[in-house]
Amino acid sequence: INAIAQTATGERLIDPFGGQADLHARVLRHVTAAFREDPVRILRVARFSARFPDFSLAPETLRLMRDMVASGEVDALVPERVWQELSNGLMTPQPSRMMGVLADTGALSRLLPALLESADRRFALIDDAAHGSANLAVRFACLMTHFESDPAFLRRVPGNCSDLAGLLEREQANIAQSLHPAEEMVKLLERCDAFRKPGRFADLLQCCNLIQPIDVARLQGGLQAAQSVKSETVLATVCDKPAPGPQIAAAMHAARVLAVAGFLSAADLANARIDKP
């Protein structure tokens, strides 16, 4: 498109590289050898492949991108530019296409090589997240599951994205349990800082549910039950005078466990009535 011009009168287009034909044929193609002057263009082409999933990549453009990678030009990319293009690509309708192009050109093995491990599963997850209109943090965490990235790269990733990815790595196996007794559920909520960051906890559950279906309603209901415990009420039952922090924390924990246990009992009873023939 950038190589197509229009006359001043608007009567005709000047199209020296056949761009209109490529647009009609849904083909992404570089126009001159100047493409290789900026290795960011490799990331951008990959992003366009995800943004326009009905477009194919011209064979000669793919060959040039592979040659740029083989000659080491992609190694000059700084983490800021990698994140900028990756984050934009993750928010496209089919982000797996970006990752596929990067893998096909060899760029992924240079930039984030560990993503090639279980690549098919990772790429399917981010597409599922995209189909569910997930936010950037959820898509990033799904891509990075069971993966520790280059620290220099992670320093350029927004905190909400890297924090969610780390939390998913630590807690996914625990959340995947089919049943959570009240005590274990409250401990999970405390570890996830769900009382202060309920939105992040909701994102975490969305990630886990994409990886392996879980009972999201049960965990969200447990959080709501625990949130119903008011600190002023608990403080009034601890003692008549100011109590030390650990004593207050223990009392809050115990009250939350009781509240969650009540919710779980009621939920299990309701489910039993529904399942009863």
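What you see is a predicted model; the values in this text were computed from it and never measured.

Undergrad: What's the story with the overall build of the protein in this structure? I'm lost.
TA: When you go through the protein residue by residue, the secondary structure sums to 15 helices and four strands. At 25 Å, the protein has a C-alpha radius of gyration far larger than the 19 Å of a compact globule built from 277 residues. Viewed in the frame of its principal axes, the protein has a C-alpha envelope of about 85 × 50 × 40 Å. Taking all 277 residues of the protein together, 41% fall into the buried category. Within the protein, counting contacts between residues at least 6 apart in sequence, those at least 24 apart form 69% of the total.

Undergrad: Could you clarify how one ought to interpret helix α8 (residues 136–143) in this entry?
TA: Most of α8 sits inside the fold, with seven of its eight residues counted as buried. Summarising the contacts, the buried residues of α8 are in contact with α4 (79–90), α5 (96–105), α7 (119–131), α9 (151–154), α10 (159–175) and α12 (198–211). A distance of 3.2 Å separates the backbone nitrogen of Ala-137 from a side-chain oxygen at the start of α8, and that oxygen is part of Asn-135.

Undergrad: Sorry if this is basic, but what is going on with the nonpolar core here?
TA: Inside soluble globular proteins, nonpolar side chains tend to come together where they are buried. Counting residues in each nonpolar core, the largest one holds 68 residues, and the members touching the most others are Phe-140, Leu-143, Phe-153 and Leu-204. Excluding its chain neighbours within four sequence positions, the residues that come into contact with Phe-153 are Pro-79, Val-82, Trp-83, Leu-86, Leu-112, Phe-140 and Met-144.

Undergrad: Looking at this model, I keep getting lost on the side chain of Thr-105. Mind explaining?
TA: By the element assignment, Thr-105 lies in helix α5. For Thr-105, the side chain forms a polar contact with the main-chain oxygen of Leu-102, separated by 3.1 Å. Here Thr-105 is in contact with Ile-42, Leu-62, Met-65, Arg-66 and Val-69, once residues within four sequence places are set aside.

Undergrad: Quick question: what am I supposed to make of the environment of Gln-227 here?
TA: Mapped onto the elements, Gln-227 comes out in helix α13 (residues 216–227). When the C-alpha atoms of Gln-227 and Arg-156 are compared, they prove to be 34 Å apart, with 71 residues separating the residues in sequence. Those residues in contact with Gln-227 that lie beyond four places of it in its chain are Ala-194, Phe-195 and Pro-198.

Undergrad: Can you help me understand the confidence of the model for the protein in this one?
TA: In low-pLDDT regions, the fine details of the predicted coordinates are not to be read closely. For the protein, the average pLDDT comes to 90, and 93% of its residues sit at 70 or higher. For the protein, per-element mean pLDDT is lowest for helix α14 (residues 231–238), which scores 73, and highest for α12, which scores 97.

Undergrad: Please explain the side chain of Glu-171 as it appears in this structure.
TA: Looking at the secondary structure, you find Glu-171 in helix α10. Side-chain polar atoms of Glu-171 contact the side chain of Arg-191, separated by 2.8 Å. In contact with Glu-171, not counting residues within four places along its chain, are Leu-188, Arg-191 and Cys-192.

Undergrad: Can you walk me through the packing of α10 against α12 in this structure?
TA: In a packed pair of helices, the relevant descriptors are the angle between the two axes and the axis-to-axis distance. Two numbers describe how α10 lies on α12: the axes approach to 10 Å, and their chain directions differ by 60°. In terms of orientation, α10 lies oblique with respect to α12. Helix-helix and strand crossings are classified by hand; for α10 and α12 the assignment is right-handed. Residue-level inspection shows Asp-163, Leu-164, Leu-167, Leu-168, Gln-172 and Ile-175 of α10 in contact with α12, the latter providing Arg-200, Asp-203, Leu-204, Leu-205, Cys-207, Cys-208 and Ile-211. Class assignment for the residues of the contact of α10 with α12 results in nine nonpolar, one polar and three charged.

Undergrad: Where do I start with the packing of aromatic side chains in this structure?
TA: For any pair of aromatic rings, the description rests on two quantities: the centre-to-centre distance and the angle between the ring planes. Considering all chains together, one arrives at three aromatic pairs under this definition. Summarising the aromatic geometry, the rings of Phe-48 and Phe-52 are spaced 6.4 Å apart at their centres and angled 55° between planes, so their arrangement reads as tilted. What makes Phe-48 partly exposed here is its relative accessible area of 28%. A relative accessible area of 33% means that Phe-52 is categorised as partly exposed. Between Trp-83 and Phe-140, the aromatic rings sit 5.4 Å apart at their centres with planes inclined by 90°, giving edge-to-face as the arrangement. Taken as a pair, Trp-83 in helix α4 and Phe-140 in helix α8 lie far apart in primary sequence, 57 residues in all. No difference in accessibility class separates Trp-83 from Phe-140, as the two residues are buried. When the ring centre of Phe-195 is taken as reference, the NZ or CZ atom of Arg-256 above it lies at 3.7 Å.

Undergrad: What's the story with the state of the cysteines in this structure? I'm lost.
TA: Joining two cysteines, a disulfide is a covalent bond between their sulfur atoms. Across all of its chains, the model carries zero disulfides by this definition. The closest cysteine sulfur to the non-disulfide-bonded Cys-142 is located on Cys-207, 4.2 Å from its own sulfur. Take Cys-192: it sits in no disulfide, and the sulfur closest to it among the cysteines is that of Cys-208, at 8.3 Å.

Rules of the game
Here, residues in each chain are numbered from 1, in the same order as that chain's written sequence. Where totals are concerned, whole chains, interfaces and linings use all residues; where local detail is concerned, this predicted model gives features only for residues with pLDDT of at least 70, and gives and counts side-chain atom pairs only at 80 or more. Side-chain figures throughout are based on the complete set of non-hydrogen atoms in the structure, without hydrogens or water. A run of H or I in DSSP becomes a helix once it reaches four residues, and a run of E becomes a strand once it reaches two; helices and strands are each numbered from the N terminus. When we talk radius of gyration, it's over C-alpha atoms, and the globule rule is simply 2.2 Å times the number of residues to the 0.38. Classification of residues uses two cut-offs on accessible area relative to the type maximum, computed with a 1.4 Å probe and protein chains only: under 20% is buried, over 50% is exposed, and between them is partly exposed. Pairs of residues are marked as contacts when any of their non-hydrogen atoms sit within 4.5 Å. Pairing of N or O atoms within 3.5 Å defines a polar contact, subject to two protein rules: one partner must be a possible hydrogen donor and the other a possible acceptor, and residues neighboring in sequence count only if both atoms are side-chain atoms. Side-chain atoms within 4.5 Å are what join buried Ala, Val, Leu, Ile, Met, Phe, Trp, Tyr and Cys residues into a set we call a nonpolar core. Each residue carries a pLDDT score, the predictor's confidence in it, ranging from 0 to 100. A fitted line through C-alpha atoms serves as each axis, taken over the contacting stretch for helices, and the angle formed by two N-to-C directions is quoted from 0 to 180°. Between 65 and 115 degrees an angle is taken as roughly perpendicular, under 35 as roughly parallel, over 145 as roughly antiparallel, and anywhere else as oblique. Helix crossings are classified by the rotation of the near helix relative to the far one: an anticlockwise turn of less than a right angle makes the crossing left-handed, while a clockwise turn makes it right-handed. For this scheme, ten residues count as nonpolar: Ala, Val, Leu, Ile, Met, Phe, Trp, Tyr, Cys and Pro. Four count as charged, namely Asp, Glu, Lys and Arg, and the remainder, Gly too, count as polar. Think of it this way: a Phe, Tyr or Trp ring, Trp meaning its six-membered ring, pairs with another when their centres are within 6.5 Å, and the plane angle makes it stacked under 30 degrees, edge-to-face over 60, tilted otherwise. Definition used: whenever NZ (Lys) or CZ (Arg) falls within 6 Å of the ring centre and also within 35 degrees of the ring normal, the charge is taken to sit over that ring. Disulfides are defined in this document as cysteine sulfur pairs within 2.5 Å.

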